[in-house]
Amino acid sequence: MIEKTPATAPFPPLLTRHDEAETCADPSSVMTLLADSDRTADGFTSYRSTFAEGAVGAPAHFHTKATELFFVISGSLRVLVGEEVTVLHAGDFLAVPPHTPHAFAAAPGRTADVLFVFSPGMGRFDYLRLLGRVMRGEADVQEIADSAERYDNHYVDSPVWRAALEESA
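Residues numbered from 1 in each chain as written. Predicted model: local features only at pLDDT ≥ 70, side-chain atom pairs only at ≥ 80, totals over all residues. Heavy atoms only, no water.

**Topic: helix 1 (residues 125-135)**
When helix 1 is considered as a whole, its buried residues turn out to be F125, Y127, L128, L130, G132 and V134. Looking at the residues trailing helix 1, positive phi occurs at G137, about 80°. (Buried < 20%, exposed > 50% of the residue type's maximum accessible area, 1.4 Å probe, protein only. Helix = DSSP H or I, 4+ residues; strand = E, 2+ residues; numbered from the N terminus.)

See the structure below:
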């Protein structure tokens, strides 16, 4: 019998302990940074966001390279995918492919705890840190617009998403 030699792993195993993970906070959420692409050979980026009741997450946007994966740990997350708004509940999973406009927020009257994964990964932790600084008034929103290509985050107008947010306000 011929034994096969295992393939070389693209990166070493990665363990992020909860009590050692960096967190970024803004007035409506806490993001726990789990794995960025520099540690996964661009394989993936992952973080966990805990949204306050009714908190708005990301406005309508799309990515040109990455698929964004959502797994709702607890609570409910309202999402826009293309032109459809739906609510994800605990245990629900969503994969949004590149070039698909999407947005998300905690569902009205609900909190949400969500695991996000981007594949392939790209250095997004600096983007998440920037978002926190902008939300706290420590950085200008123009920095987000200026970073669209660097972080593959392209904002778009979505009348459907605006209407959904206005309806619950």
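**Topic: the environment of D36**
Relative to the helices and strands, D36 resides in the loop between strand 2 (29-35) and strand 3 (45-51). By relative accessible area, D36 is classed as buried at 8%. Taking the C-alpha atoms as reference points, D36 and G121, 85 residues apart in sequence, are found 7.0 Å from one another. Setting aside chain neighbours within four positions, we find D36 in contact with F44, T45, M122, G123, R124 and F125. In this structure the side chain of D36 is engaged in a polar contact, spanning 3.2 Å, whose partner is the side chain of T45. (Contact = heavy atoms within 4.5 Å. Polar contact = N/O pair within 3.5 Å; in protein donor to acceptor, adjacent residues only side chain to side chain.)

**What to know about the pattern of salt bridges**
Applying the stated rule across the entire model yields 6 salt bridges. E22 serves as the salt-bridge partner of R129, at 2.6 Å between the closest nitrogen and oxygen. Here R129 is found in helix 1, whereas its partner E22 is found in the segment before strand 1 (23-26), with 107 residues between them in sequence. Assessed through its relative accessible area of 25%, R129 is described here as partly exposed. You can call E22 partly exposed: its relative accessible area is 35%. A salt bridge links D113 to R48, with the nearest nitrogen and oxygen atoms 2.4 Å apart. Of this pair, D113 sits in strand 9 (residues 112-119) while R48 sits in strand 3, and the two are 65 residues apart along the sequence. The exposure class of D113 is buried, given its relative accessible area of 8%. (Salt bridge = Lys/Arg side-chain N within 4 Å of Asp/Glu carboxyl O.)

**Concerning a nonpolar patch on the surface**
On the surface, F71, I73 and F93 cluster together into a nonpolar patch covering about 280 Å² of accessible area. Checked against the element boundaries, F93 lands in strand 7 (residues 93-96). (Patch = residues over 30% accessible without salt bridge, like charges linked within 9 Å, V, L, I, M, F, W, Y side chains within 5 Å. Areas by Shrake-Rupley, 256 points an atom, 1.4 Å probe, with all protein chains shown as cover.)

**Topic: unusual backbone geometry**
Put simply, S119 and P120 share a cis peptide bond, and its omega is -5°. Along the chain, P120 falls in the loop between strand 9 and helix 1. Despite not being glycine, A41 shows a phi value in the positive range, around 50°. Among the structural elements, A41 can be located in the loop between strand 2 and strand 3.

**Details of the packing of aromatic side chains**
Under the counting rule described, the total for this entry stands at 8 aromatic pairs. When the centroid spacing of 5.3 Å and the interplanar angle of 50° are considered together, the rings of Y127 and Y151 count as tilted. Of this pair, Y127 sits in helix 1 while Y151 sits in helix 3 (residues 148-151), and the two are 24 residues apart along the sequence. Exposure class is identical for Y127 and Y151. Each is buried. Ring pairs connect the aromatic residues Y47, F51, F70, F104, F116 and F118, which therefore count as one cluster. In this arrangement the basic side chain of R78 is found over the ring face of W161, its NZ or CZ atom lying 5.8 Å from the centre. (Phe/Tyr/Trp six-rings, centres within 6.5 Å; stacked < 30°, edge-to-face > 60°. Lys NZ or Arg CZ within 6 Å of the ring centre and 35° of its normal.)

**A closer look at the pairing of strand 8 (residues 102-106)**
Burial analysis of strand 8 places 5 of its 5 residues in the buried class, which makes it a mostly covered element. Here strand 8 shows no split at all, with H102, F104 and A106 on one side and A103 and A105 on the other all buried. When strand 4 (residues 56-62) meets strand 8, the two strands line up antiparallel, connected through 3 bridges. Counterpart to H61 in the pairing with strand 8 is H102. Bridge analysis of strand 5 (residues 67-81) against strand 8 gives 5 bridges, and the strand direction is antiparallel. Across the sheet, residue V81 finds its bridge partner in strand 8, namely H102. (Pairing = 2+ DSSP bridges.)

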